[in-house]
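Descriptive analysis of the structure
So the chains spell out like this:
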Amino acid sequence: MSKSIRFIINPISGVGKKNKLPGHIEKYIDAQKFKTSIVYTQHRGHATALTKAAVEEGVDIVCAVGGDGSVHEIGTALIGTNVTLAILPCGSGNGFARHLKIPLQLVEALKCINEERYKVVDTAQANGKAFIGVAGFGFDAFIAQKFDEYHQRGLWSYIKLVVKSYFNYHPGKIEIAGKSYNDLLLCTVANGSQFGNGFCIAPQASVEDGELEVFMLKQFPFYAIPSLVWRFFNRAIDGSKYTQFISIKNVNLKLETAIFHLDGEPLEGERNIAVSVVPKSLNVIVGKKY
């Protein structure tokens, strides 16, 4: 019996490819295995509503077509359901798709769906708000807020924003599990291993171990930048003297600056944050190298 799969396409996320999708879906998705349908998002939050509608209709698989924002909206709406999340990574970072080893090439990602490699993975929540990959409470939260307001998308736009903002950023005090820090550039709670684009912040992170990794990056001298960049992109940041990791199931944070992000989606106004893992709460399709 064939399964139903609904593709939810964000037509404006990241850098494109979506115009090719309907034809590619018809050509490469195995029609003997899947009955397909396609819908398009029209505004922020629409993917969540479309996903909930798909769940109510009894759709078997919902495929997020877009970047980490789309994956966040669709994936969090599937937590605790029997519906499976598939991903066609068409964003600028694709952090969670990369963690699951889903191919970044459109045709290969479609073939990955046909191969039906299913896993049940952990998710997490911060003050009851769900996230899938990472939650950030430092410079990355500041950048997420700025990037959300930025007029251009894509990797180079993000890099320009980081460089422009770095020299004006002053870390606020963060209390983690009762211990205070005044010098953290990054404080990230990771379920997945990376922000996106191969920028790996938690090489040991697993979405199947029932734990989260608290990643802390202290402020560092300018001359350390090349080494740190190399370590981030070669899954070796855990070897840097400027980093610290704590494996946790739950943790309480207190923020001096009340901004943070969940999977890159900026939020503000809360200073006391309770973060916890939700084990084995989301069905996903993974890549063959996962």
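Preceding this section is the structure that the text describes.
Residues numbered from 1 in each chain as written. Predicted model: local features only at pLDDT ≥ 70, side-chain atom pairs only at ≥ 80, totals over all residues. Heavy atoms only, no water.

1. Overview of the pattern of salt bridges
- Under the counting rule described, the total for this entry stands at 6 salt bridges.
- The closest approach of N and O atoms between arginine 6 and glutamate 57, which form a salt bridge, is 2.9 Å. Remark: glutamate 57 occurs in helix α2 (residues 46-57) and arginine 6 occurs in strand β1 (residues 3-9); sequence separation between them is 51 residues.
- The shortest N-O distance in the salt bridge between glutamate 108 and lysine 111 comes to 3.7 Å. Of this pair, glutamate 108 and lysine 111 are both found in helix α5 (residues 106-115), 3 residues apart, which corresponds to roughly one turn of the helix.
- Relative accessible area serves as the criterion here: at 36%, glutamate 108 is assigned to the partly exposed category.
- Its relative accessible area of 34% is what places lysine 111 among the partly exposed residues.
- What emerges from the salt-bridge pattern is a single network uniting Lys3, Lys33 and Glu116. (Salt bridge = Lys/Arg side-chain N within 4 Å of Asp/Glu carboxyl O. Helix = DSSP H or I, 4+ residues; strand = E, 2+ residues; numbered from the N terminus. Buried < 20%, exposed > 50% of the residue type's maximum accessible area, 1.4 Å probe, protein only.)

2. Points about the packing of aromatic side chains
- In this structure the tally under the stated criterion is 10 aromatic pairs.
- Aromatic pair phenylalanine 195 and phenylalanine 199: ring centres 5.8 Å apart, planes at 10°, arrangement stacked.
- Judged by relative accessible area, phenylalanine 195 falls into the partly exposed class, the value being 22%.
- Since its relative accessible area comes to 21%, phenylalanine 199 is described here as partly exposed.
- An angle of 20° between the planes, with centres 4.2 Å apart, marks the rings of phenylalanine 199 and phenylalanine 232 as stacked. Placement of the pair is phenylalanine 199 in strand β12 (residues 199-200) and phenylalanine 232 in helix α8 (residues 225-233), with a sequence separation of 33 residues.
- Overall, the relative accessible area of 5% leaves phenylalanine 232 in the buried class.
- Members of the aromatic cluster, each reached through a chain of ring pairs, are Phe195, Phe199, Phe215, Phe232, Phe233 and Phe245. (Phe/Tyr/Trp six-rings, centres within 6.5 Å; stacked < 30°, edge-to-face > 60°.)

3. Brief notes about the side chain of asparagine 191
- On the secondary structure map, asparagine 191 appears in the loop between β10 (184-190) and β11 (194-196).
- The exposure class of asparagine 191 is buried, given its relative accessible area of 0%.
- Here the side chain of asparagine 191 touches isoleucine 132 through a polar contact of 2.8 Å, landing on its backbone oxygen.
- Those residues within four positions of asparagine 191 in sequence are excluded, and the remaining contacts are Asp122, Thr123, Ile132, Gly133, Ala205, Ser206, Val207, Glu211 and Leu212. (Polar contact = N/O pair within 3.5 Å; in protein donor to acceptor, adjacent residues only side chain to side chain. Contact = heavy atoms within 4.5 Å.)

4. A few points about the environment of valine 62
- Residue placement: valine 62 occurs in strand β3 (residues 61-66).
- Overall, the relative accessible area of 0% leaves valine 62 in the buried class.
- Between the C-alpha atom of valine 62 and that of threonine 36, which follows or precedes it by 26 residues, the distance is 9.9 Å.
- Valine 62 has contacts with Arg6, Ile8, Thr51, Ala54, Ile74, Leu78, Val83, Thr84, Leu85 and Ala86, leaving out every residue within four places of it along the chain.

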